[in-house]
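One-letter residues, chain by chain:
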Amino acid sequence: MRSDIVKLAFVGTGNIAEQHMKYLKEFTDVKIVGLYDINEETLLKGKRQFGGDAYKSIDQMLDNSCPDAVYICLPPFAHGKAEFACIERGIHFLVEKPLSNDLNLAEKIANEVSASEIITCSAYMNRYRRGVNEAKKLLAKYPISLVYGGWLFDTPNNHPWITQKKLSGGQLLEQTTHLFDLVRYLCGEVLSVHCYGSKLIVPQTNRYDVEDATVVSMQLQSGAVANIQSSWSVGFDKYIYLNLFGPDIQVEFRNWEFDTRIKSRGTTVPFEIPGEKDIFAIESRAFLDAVKQNDPTKILCDYVNGVRSLKVSFAANKSLKTGNSIQLDSLDTTEYTRR
Ligand SMILES: NC(=O)c1ccc[n+]([C@@H]2O[C@H](COP(=O)([O-])OP(=O)(O)OC[C@H]3O[C@@H](n4cnc5c(N)ncnc54)[C@H](O)[C@@H]3O)[C@@H](O)[C@H]2O)c1
């Protein structure tokens, strides 16, 4: 980087882009230089609120605004062009989860990223939470044998694409991916999954063909087991939780903020760490510092690592379809090419 100011461009200026930009606007070492979205209204709204030039194509934006890094904030079905355009030009990028609804494409991007010197960030923001990292330190010392967690909500009604499996991958890709990623981050790799699903509550139509609820059982490489529940048909007390149990440690994460409570051998009072409300700012700070200092070690989940978390959701969806347990290593990624 030639200047101390990081020039940023955005591909996709919808909901999550707006949340990122609200925080980025407060950073004194950031300038938003370019915006691109296929929806002109959303694009111009972004320009009015956060500045930067609005462009009609990704290539034009990258070539004219010359960003140091790009935020790719697209729905799962729209990835590919933006990532390859950045790789071609050697531009660093942060990409929102889930990385894609096409696993074959995500693997191709991962291969190209690995062969480049680009800094990438898969936006699994919970990895940057203090509570999560305090737990990770203790879990390195104290083994656990059981994990259970859940993402229980009602159906999101602000995105028409989200309830169409072909476009979003369903809740397992769209939301529960956060918990699959944390299981990997805290407890190590997932070997196999078995998933059951329910389509009992919401009538199935061509605009709603996802499960109302799923349970995913996982065998971890460490020998531990995990069970993650998801629902889009919860009327009361919507919440997120993740619990880990071993003989010398018990960890509880609660709510979107991941409020943390840890009991461990040798301590008399639980260690309580409130979750951060501004986690997107914390994640962005790590990414911006990595870019400024050319130091990828500041990134806790790069693109390649993010693909491994994505694979857990694909394996769970395959298990739903086939009724079988799925070994992650046996997934044929070409089966998941978008058509
Ligand atoms: N990290 C988190 O906790 C978090 C929170 C919310 C959303 N997300 C993720 O971010 C992604 C986007 O979600 P969102 O809520 O911003 O959705 P959104 O629909 O509000 O915004 C997506 C934007 O992308 C634009 N778009 C679609 N196809 C495009 C294309 N080919 N080229 C350019 N622009 C295109 C749309 O016009 C829209 O403005 C989703 O995958 C979602 O899971 C992550």
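Residues numbered from 1 in each chain as written. Predicted model: local features only at pLDDT ≥ 70, side-chain atom pairs only at ≥ 80, totals over all residues. Heavy atoms only, no water.

Considering the pairing of strand β7 (residues 146-152)
Walk down a regular strand and you will see the side chains alternate between the two sheet faces. Within β7, five of the seven residues are buried, which leaves it mostly tucked inside the rest of the structure. Sheet topology places β7 next to strand β10 (residues 225-231); seven bridges connect them, and they run parallel. Looking across to β10, one finds that Gly149 is bridged to Ile228. The pairing of β7 with strand β11 (residues 239-245) spans seven bridges and is antiparallel. Each bridged residue has a counterpart across the sheet, and for Val147 the counterpart in β11 is Leu244. (Buried < 20%, exposed > 50% of the residue type's maximum accessible area, 1.4 Å probe, protein only. Helix = DSSP H or I, 4+ residues; strand = E, 2+ residues; numbered from the N terminus. Pairing = 2+ DSSP bridges.)

Digging into the pairing of strand β4 (residues 69-72)
Burial along β4 is two-sided: Ala69 and Tyr71 facing one way and Val70 and Ile72 facing the other are all buried. Where strand β1 (residues 6-11) meets β4, four bridges bridge the pair, whose relative direction is parallel. Each bridged residue has a counterpart across the sheet, and for Leu8 the counterpart in β4 is Ala69. Examined bridge by bridge, β4 and strand β5 (residues 92-95) share four bridges and lie parallel to one another. Along β5, the bridge assignment pairs Tyr71 with Leu94. Running through helix α4 (residues 81-89), the crossover from β4 to the neighbouring parallel element β5 is right-handed. (Right-handed = clockwise from strand over helix to strand, strands pointing away.)

Considerations on the packing of aromatic side chains
Overall, the coordinates contain ten aromatic pairs when judged by the stated rule. Considering the side-chain rings of Phe77 and Trp161, the 6.1 Å spacing of their centres and the 70° angle between planes classify their relative orientation as edge-to-face. In this pair, Phe77 is assigned in the loop between β4 and α4 and Trp161 in the loop between β7 and α7 (165-168), connecting sequence segments 84 residues apart. Taken together, Tyr148, Tyr239, Tyr241 and Phe245 form an aromatic cluster joined through their ring pairs. In this structure, Lys136 is placed above the aromatic ring of Tyr185, and the distance from its NZ or CZ to the ring centre is 4.5 Å. (Phe/Tyr/Trp six-rings, centres within 6.5 Å; stacked < 30°, edge-to-face > 60°. Lys NZ or Arg CZ within 6 Å of the ring centre and 35° of its normal.)

Considering the domain arrangement of the protein
Each assigned domain of the protein is listed with its residue range as follows: domain 1 (6-125 + 280-302) and domain 2 (127-276 + 309-336). Computed from C-alpha coordinates alone, the two centres of domain 1 and domain 2 are separated by 25 Å. Listed as interface residues are 26 residues of domain 1 and, on the opposing side, 25 residues of domain 2. Summing both sides of the interface, domain 1 and domain 2 together bury roughly 2,300 Å²; the carbon and sulfur share of this comes to 65%. The largest contributions to the domain 1 side of the interface with domain 2 come from Leu103, Tyr124 and Met125, which together make up 32% of the buried area. Summed over the shared surface of domain 1 and domain 2, the number is one salt bridge. Residues Lys311 and Glu107 are paired through a salt bridge, measuring 3.9 Å at the closest nitrogen-oxygen approach. On the surface where domain 1 and domain 2 come into contact, there are nine residue pairs in polar contact (both at pLDDT 80 or more). For the side of domain 1 that touches domain 2, the secondary-structure elements that each account for two or more residues are α5 (103-114) and α10 (279-292). (Domains from an automatic or database assignment. Contact = heavy atoms within 4.5 Å. Buried area = accessible area lost by both parts, 1.4 Å probe. Salt bridge = Lys/Arg side-chain N within 4 Å of Asp/Glu carboxyl O. Polar contact = N/O pair within 3.5 Å; in protein donor to acceptor, adjacent residues only side chain to side chain.)

Concerning the sheet that holds strand β15 (residues 326-327)
Strands sit in the order β14-β13-β12-β11-β7-β10-β9-β8-β15 across an open sheet of nine strands; the sheet is mixed. The sheet is open, and its two borders are formed by β14 (271-273) and β15, each paired with just one other strand. Looking at chain direction, strand β8 (residues 190-198) and β15 are connected through two bridges and run antiparallel. For Ser192, the partnering residue across the bridge sits in β15 and is Gln327. The strands touched by helix α6 (residues 130-141) are β11, β12 (249-254), β13 (259-264) and β14; relative to β13, the strand with the most contacts, the crossing angle is about 20°. Here helix α9 (residues 177-187) sits on the sheet in contact with β7, β8, β9 (213-220), β10, β11 and β12, set at roughly 25° to β11. (Axes fitted to C-alpha atoms, helices over the stretch in contact; angles between N-to-C directions.)

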